[in-house]
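# Observations on the model geometry
Listed here are the chains, written in short residue letters.
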Amino acid sequence: MPPSIAQELRSTFHIHALRYEAKHNLTGRQWDQYNQLTERCQNASDKETMLFNERYHSRINQEYKKLLHEQTAKTKDYKPGFAQDDLLDRTALLKQADTNVRNRHEQRLALIEQKETQGIETLLQRSDRENQLTGQSKDAFARASERRSRQERRSRDQQTNNPIHRQQQ
């Protein structure tokens, strides 16, 4: 069963939000891992689409034969022949075969996107942990170093009457 429109929108915005967050939060090595992941998923998606286009008719034929075999299998329905549905309706079986083939293709594409989403989420979580560790040392350095501008340092030294920094007139 295909997902609803709300689910499709939610997953689409989720993956785009993750990509946006990755572009702004990842550092050098993490960015390389992100690029490898997205390139691998894009290649898999392109390959699946190419195979779908190349093998579409053969997949339809296989699915049609499978559905035909399922329809013509013996069942224990004790109905007279005139009361049964037409089991060999070619157009209905072809429509069903087309629907099944397209649904499987969409499922494979959704699985690739899901793998990409999971990969980006784990990469972002790992990145957050690594960035927090480096952030602690940055905070300690920021507290230890003096960040005043040149004018502020001079004005403060003149207020304290520090003779070292005063020029003699």
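Residues numbered from 1 in each chain as written. Predicted model: local features only at pLDDT ≥ 70, side-chain atom pairs only at ≥ 80, totals over all residues. Heavy atoms only, no water.

In this structure the tally under the stated criterion is two aromatic pairs. Here the aromatic rings of phenylalanine 52 and tyrosine 56 are separated by 5.5 Å at their centres, their planes lie at 70°, and the arrangement is edge-to-face. Of the two residues, phenylalanine 52 and tyrosine 56 are both situated in helix α2 (residues 28-72); the distance of four residues between them amounts to about one turn of the helix. The ring of tyrosine 64 is capped by arginine 90, whose NZ or CZ atom sits 5.1 Å from the centre of that ring. (Phe/Tyr/Trp six-rings, centres within 6.5 Å; stacked < 30°, edge-to-face > 60°. Helix = DSSP H or I, 4+ residues; strand = E, 2+ residues; numbered from the N terminus. Lys NZ or Arg CZ within 6 Å of the ring centre and 35° of its normal.)

Moving on, we come to a nonpolar patch on the surface. Together, Ile5, Leu9 and Phe13 make up an exposed nonpolar region whose accessible area comes to about 360 Å². If you trace the backbone, phenylalanine 13 turns up in helix α1 (residues 5-25). (Patch = residues over 30% accessible without salt bridge, like charges linked within 9 Å, V, L, I, M, F, W, Y side chains within 5 Å. Areas by Shrake-Rupley, 256 points an atom, 1.4 Å probe, with all protein chains shown as cover. Salt bridge = Lys/Arg side-chain N within 4 Å of Asp/Glu carboxyl O.)

With 21 residues, α1 should reach 30 Å at 1.5 Å per residue; the first-to-last C-alpha distance of 30 Å fits that figure. Every buried residue of α1 is accounted for by Ile15, Leu18 and Ala22. Seen from one end, α1 has its buried residues packed into an arc of 60°, which puts them on one side. Exposed side chains of α1 directed beyond 90 degrees from the buried face belong to Ile5, Arg10, Phe13, Tyr20, Lys23 and His24. (Expected span 1.5 Å × (residues − 1). Buried < 20%, exposed > 50% of the residue type's maximum accessible area, 1.4 Å probe, protein only. Arc of directions from axis to C-beta.)

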